[in-house]
Amino acid sequence: MSSLNQAPFDAVAARARLALARGPTLWRALEELADSEAFRRWLITQQPQLAEALALDRRGFLKYLGASLALGGLGACSHPPQLQIVPYIHAPPGQIDGLPRFFASVLSRNGYARGVLVESHMGRPTKIEGNPQHPASLGATDIFAQAAVLQLWDPDRSQAVMNRGVTADWADFDAMLVQARARIEHDGGAGLHVLTGASTSPTLSAQLQALHRRYPRMRWYVHEPAGNDNAFAGTRLAFGVPLTSRLHLDRAAVMLALDADVLSDPAAGVRYARDFAAGRALDSNGGTMGRLYVVEATPSLTGAQADHRLPLESARIEGFARALARRLGVAVDVRDASATAEVEDPQHVRWLEALAVDLRAHRGAALVVAGPAQPAAVHALAHAINVALDSVGSTIDYCDPVETLPEDGGTLAQLVDAMHGGSVDTLLILDANPAYDAPADLQFGDVLQRVPHVWHLGLYLDETGALAEWHLPQAHQLEAWSDARSFEGTASIAQPLIAPLYGGRSAHQILAALLGEEDARDGRELVRRQWQRQLPDEASWNAALRAGMIADTAFATRSPPAAPDVTRSATVPPLAGDESAFELLFRPDPTIGDGRWANNGWLQELPKPLSQLTWDNAAWISPLVAARYALGNGDVVELKIAGRSLQVPVWIMPGQAAHSVTLHLGYGRRRAGRVGDGQGVDAYALRTSSAPWAASGLQLRKTGARYELAGTQHHFNMEGRDLLRVETLEDYRRDPHFATAAGAEAGTPPSLYPDYPPGEYAWGMSIDLNACIGCKACTIACQAENNIPVVGRDQVRRGREMHWIRVDRYYEGSPESPRTYSQPVPCMMCEHAPCEVVCPVDATVHDAEGLNVQVYNRCVGTRFCSNNCPYKVRRFNFLQYTDQSADTLAAQRNPEVTVRGRGVMEKCTYCIQRIESAHIEADKANRRLRDGEVLTACQAVCPTQAIRFGDIADAQTSVAHAKASPRNYVMLQELNTRPRTSYLARVRNPNPALEDP
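Bear in mind the structure is a predicted one, so any value in this text is a computation, not a measurement.

Once that is clear, we can look at the overall build of the chain. Helix and strand counts for the chain stand at 33 helices and 38 strands. Scored against the burial criterion, the 997 residues of the chain give a buried share of 58%. For the chain, the exposed area adds up to about 39900 Å²; of that, 52% sits on carbon and sulfur atoms.

Summed over all chains, the structure comprises 48 salt bridges. Note that Arg-114 and Asp-142 form a salt bridge whose closest N and O atoms lie 2.7 Å from each other. With Arg-114 in strand S2 (residues 112-121) and Asp-142 in the loop between strand S3 (124-130) and helix H7 (143-152), this residue pair connects regions lying 28 residues apart in the sequence. By the burial criterion, Arg-114 is buried, and Asp-142 matches it. Here the salt bridges do not stand alone but share partners, grouping Lys-127, Glu-129, Glu-785 and Arg-914 into one network.

Throughout the structure, instances matching the rule amount to 16 aromatic pairs. With centroids separated by 5.6 Å and ring planes inclined at 70°, the aromatic side chains of Tyr-272 and Phe-487 adopt a geometry described as edge-to-face. Of the two residues, Tyr-272 sits in helix H11 (residues 269-279) while Phe-487 sits in the loop between strand S17 (482-485) and strand S18 (491-494), which places them 215 residues apart along the sequence. Overall, the relative accessible area of 8% leaves Phe-487 in the buried class. Measuring from ring centre to ring centre gives 6.2 Å for Tyr-732 and Phe-738, while their planes differ by 85°; the resulting arrangement is edge-to-face. Across this residue pair, the class does not change: Tyr-732 and Phe-738 are buried. A connected cluster of aromatic rings, assembled from ring pairs, spans Trp-170, Phe-173, Trp-455 and Trp-470. Sitting over the ring of Tyr-436, Arg-669 keeps its end group 4.8 Å from the ring centre. Across from the ring centre of Phe-876, 5.3 Å away, lies the NZ or CZ of Arg-863, which sits over that ring.

In space, the 4 strands of this open sheet follow the order S35-S28-S37-S36, with mixed pairing throughout. The sheet is open, and its two edges are formed by strand S35 (947-951) and strand S36 (968-969), each paired on a single side. Summarising the sheet, strand S28 (residues 763-768) and S35 pair through 5 bridges and their orientation is antiparallel. Residue pairing across strands places Ser-766 opposite Arg-948, the latter belonging to S35.

In terms of residue burial, H7 counts as a mostly covered element, since 10 of its 10 residues are buried. Of the residues making up H7, those classed as buried are Ile-143, Phe-144, Ala-145, Gln-146, Ala-147, Ala-148, Val-149, Leu-150, Gln-151 and Leu-152. Capping of H7 at its N-terminal end is provided by Asp-142; its side-chain oxygen lies 3.2 Å from the backbone amide nitrogen of Phe-144.

It is worth spelling out unusual backbone geometry at this point. With the exception of glycine, the majority of residues adopt a negative phi angle, and the majority of peptide bonds are in the trans configuration. The phi dihedral of Arg-164 falls on the positive side, at around 55°, and the residue is not glycine. By secondary structure assignment, the location of Arg-164 is in the loop between strand S4 (162-163) and strand S5 (166-167). With a relative accessible area of 58%, Arg-164 lands in the exposed category. Phi angles above zero are rare outside glycine, and Arg-863 is one such case at about 65°. With respect to the helices and strands, the residue Arg-863 is situated in the loop between strand S32 (852-854) and helix H29 (864-868).

Let's shift gears to the sheet that holds strand S1 (residues 101-109). If you walk across this open sheet you meet the 3 strands as S1-S2-S3, and the pairing is antiparallel. On the outer flanks of this sheet lie S1 and S3, each paired with one strand and no other. Adjacent strand axes in the sheet meet at a mean angle of 40°, parallel and antiparallel pairs treated alike. Judged from the 9 bridges that link them, S1 and S2 form a sheet pairing that is antiparallel. For Leu-107, the partnering residue across the bridge sits in S2 and is Arg-114. Strand contacts of H7: S1, S2 and S3, with the helix running at about 170° to S3, the strand carrying the most contacts.

The next thing to look at is the side chain of Glu-463. Within the secondary structure, Glu-463 is located in the loop between strand S15 (453-458) and strand S16 (470-473). The class for Glu-463 is buried, based on a relative accessible area of 7%. Reaching out from Glu-463, the side chain makes a polar contact with the backbone nitrogen of Arg-670 at a distance of 2.9 Å. Within the structure, the side chain of Glu-463 is placed 3.2 Å from the backbone nitrogen of Arg-671, a separation counted as a polar contact. Look past the residues within four positions of Glu-463 in its chain and what remains in contact with it is Asn-433, Ala-435, Tyr-436, Arg-669, Arg-670 and Arg-671.

Conventions and cut-offs
Every chain begins its residue count from 1, and numbering advances along the sequence as written. Local features are withheld for residues below a pLDDT of 70 in this predicted model, meaning they are given only at 70 or higher, and side-chain atom pairs are given and counted only at 80 or more; totals for whole chains, interfaces and linings count all residues. Heavy atoms from the whole structure form the basis of all side-chain values; hydrogens and water molecules are not counted. The way it works is that DSSP assigns letters per residue, a run of H or I at least four long becomes a helix, a run of E at least two long becomes a strand, and they are numbered from the N terminus. Burial classification: accessible surface area is computed with a 1.4 Å probe over protein chains only, and a residue below 20% of its type maximum counts as buried, one above 50% as exposed, and the rest as partly exposed. Here, Shrake-Rupley sampling with a 1.4 Å probe gives the accessible areas, and only protein chains in the shown set may cover a residue. Just to be clear on terms, a salt bridge is a Lys or Arg side-chain nitrogen sitting within 4 Å of an Asp or Glu carboxyl oxygen. In this scheme Phe, Tyr and Trp rings, the latter by its six-membered ring, pair at centre separations within 6.5 Å, and the angle between planes marks the pair as stacked below 30 degrees, edge-to-face above 60, and tilted otherwise. Charge-over-ring contacts are defined here by two conditions on Lys NZ or Arg CZ: a distance within 6 Å of the ring centre and an angle within 35 degrees of the ring normal. A strand pair is defined by DSSP finding two or more bridges across the two strands. Each polar contact in these results corresponds to two N or O atoms within 3.5 Å; when the atoms are within protein, one needs to be able to donate a hydrogen and the other to accept it, and residues that are neighboring in sequence are counted only if both atoms are side-chain atoms. Note on geometry: axes are C-alpha line fits, over the in-contact stretch for helices, and angles between N-to-C directions span 0 to 180 degrees. By definition in these notes, contact holds between two residues if any of their heavy atoms fall within 4.5 Å.

Listed below in structure tokens is the structure:
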């Protein structure tokens, strides 16, 4: 929000007011002193809630004051109409102040549902967990679900109805809508066009159908910047109809990902990560594990888990897939020599031969997946290979599309054509921002100004909302009733946790008002009506709300109606053979997606899983390109393609394909909010509708300028010490104790520190590096749970980020094609902690249950403890990082965790507040804590269950079993700090035919 000194100042009005003043006159700014009409207009724009108050004269104010006094007693006995929401579990007989309660709901990402449990402290949503019963989450979440609670309380969200840039209210819009309906009905809705993002909501689908029945000539379009259009086109190409693919990674003995980052899939990534980890869990699979091959141009989370990864330009992946399909007996067209020429490279032939043999050897347990950035032909090839390998019904099956698709295409390009043709009179945009994220060649923002009536519903007054005739504040997902389906069709009801903070409405309410329905304001009734047949009474409705899903609503498996047809020529022109040929790839940003999360400080400051960058995007280039052009990290280059150019800093990415340059979407926002505006560069300026994911003909030029990026990959450097242990499956079988440091079998060495007497419990943690995929959901969950502040880009550059659990990234091998590993690092909870003995005020102490406790109100900021910590897991508040001015941000914080101030050291505490809450409940029942009763925030969020926590003194606990594994080791064991946090070493399962001699 703008400060007062940016408001218009009228010096003449100020002097006149002072001349007429009687008595003391207090003012805070020159503009407030003048109290001019310009200042009043500015104030109403910045503070819409003051509009009515500023419109009152003295007589009107006194009338309202008298009425409020007369009705004061009556008002004290009443309250606004309340709706009852249903808790996930039965609440105690009496509500206890401060007792958290969980409510099941749904959060949608790219339209697909993820079941969540939302923690509410006296009506304030403060934390999100996964719903164990929901098939898309199984109790886990991702970084976006964790950050949704910060988005809910964001003070930059749209707070008022705007009509042509002037503050209005809902009554004004409702009155306009009555007149607009008559205009729309006049021509059967021919001038009405509706634009939405991807959706799986049955209620929204039913409303759009009702709208079409009422206005038969209206049109509906879908625009999802990171949508899955190629996947649907691939099944249509292969089988003749669009289908949804459902993967079963836990059944796959061998898997090939063709530019497919399945572990980050917006619809099913959390579930797929769990299944992937289950298929590679050595301790529960009898020492066997699946094998993963990845062929991709840009490093991804899935590629980082690969046993073999081949960096290959995106344009060459189709030729690779065709060559593999031929080796597996799939009939493909060989007339186009250019589609196969590039795979004659000896390294590729070696890959193809070994891969074909491995896939055939695991017929029925093999899986080939293509990513959304690959063209439909590659998806069709993947389906054909799966059919040839008898994988359908085993590692993959199909169902009808879960996502609601327009019958007549309904693309953004078609909408632009209609706007150009003048056939669009009224455009309703629901939760979309095409003025920012539309392809550059469509020039959506310019064409939008030709439309007489544009209505925009959005969480923020964004780039599209600023151009609209009417901008309408949208209710957040945690404020509104809705519904959605998960990746396999299971439907869930989204129940709100709080009334709309800023008076927003949902898309359902807007469509109901456009339909002229009497109950348009009742969001609950709109959703309830949709499910009247399946949930006919309150008992069944409440049961669905309590469970967070509607039973038996998953889509039935459908057999493909026809044999795959992949006898098509190549659809992507291969790259030229010269060294100057580059392709430009577009990918959603790993932390802020397509840009809709740009104003979320947690996600902006989260180091991106592979590059470790924060607060910016950069052009990812290969080490070969960096050497050829003499480029270093932060050097600015000009990217020029199809007559458009953009200057952007580069980031040298190990494992990037040699002739591929990747630019992530989501940055360069102009109206995101105070956090997101001006960060990074706008990749959409180079993106076109004909090449939304990959474009050839890129020209790269070094400008000589520099831009200092805020990366964290060198922060808390462990100076080359042996921190991460990795071995092959064959060597693990030969020596299961390979991870144990030399000399450990001789016993625990003596220590100068005295042993602490044992307590009732001995808390410890185990982190399985074989399961960890490096998604960093643990980092965001810890931040949400423990009120960890955002420090900003400049402070990150100084190495002052505050995350209590970091995820280090390691490489092994050549820079051109390295292996990638991740290692989460929380506090080690040393039994002989070096930090404790150097604190002069006993701010860091050892408790009876083995926790290294930080007493914040004792800390005087000497930082001796941080200097003495060999693991570098302590964080210091150099400045007052916590925002204490925004009331909504204060409401978001966990009341069970102290908010730290400047000069205080902080660190991971194993979520001691959760331990103590469980202690209290167990003590009330006069029993011991059960295994699994205490879940740390990082443990609860982890999609792969890589983190286990509990009482290590009890041999029956899950964490004790993990520590008994031969893969168990502790970091820096030679220092004899005796950490309570230990690791299970990572194991690779390479194909001997592809291992270097």
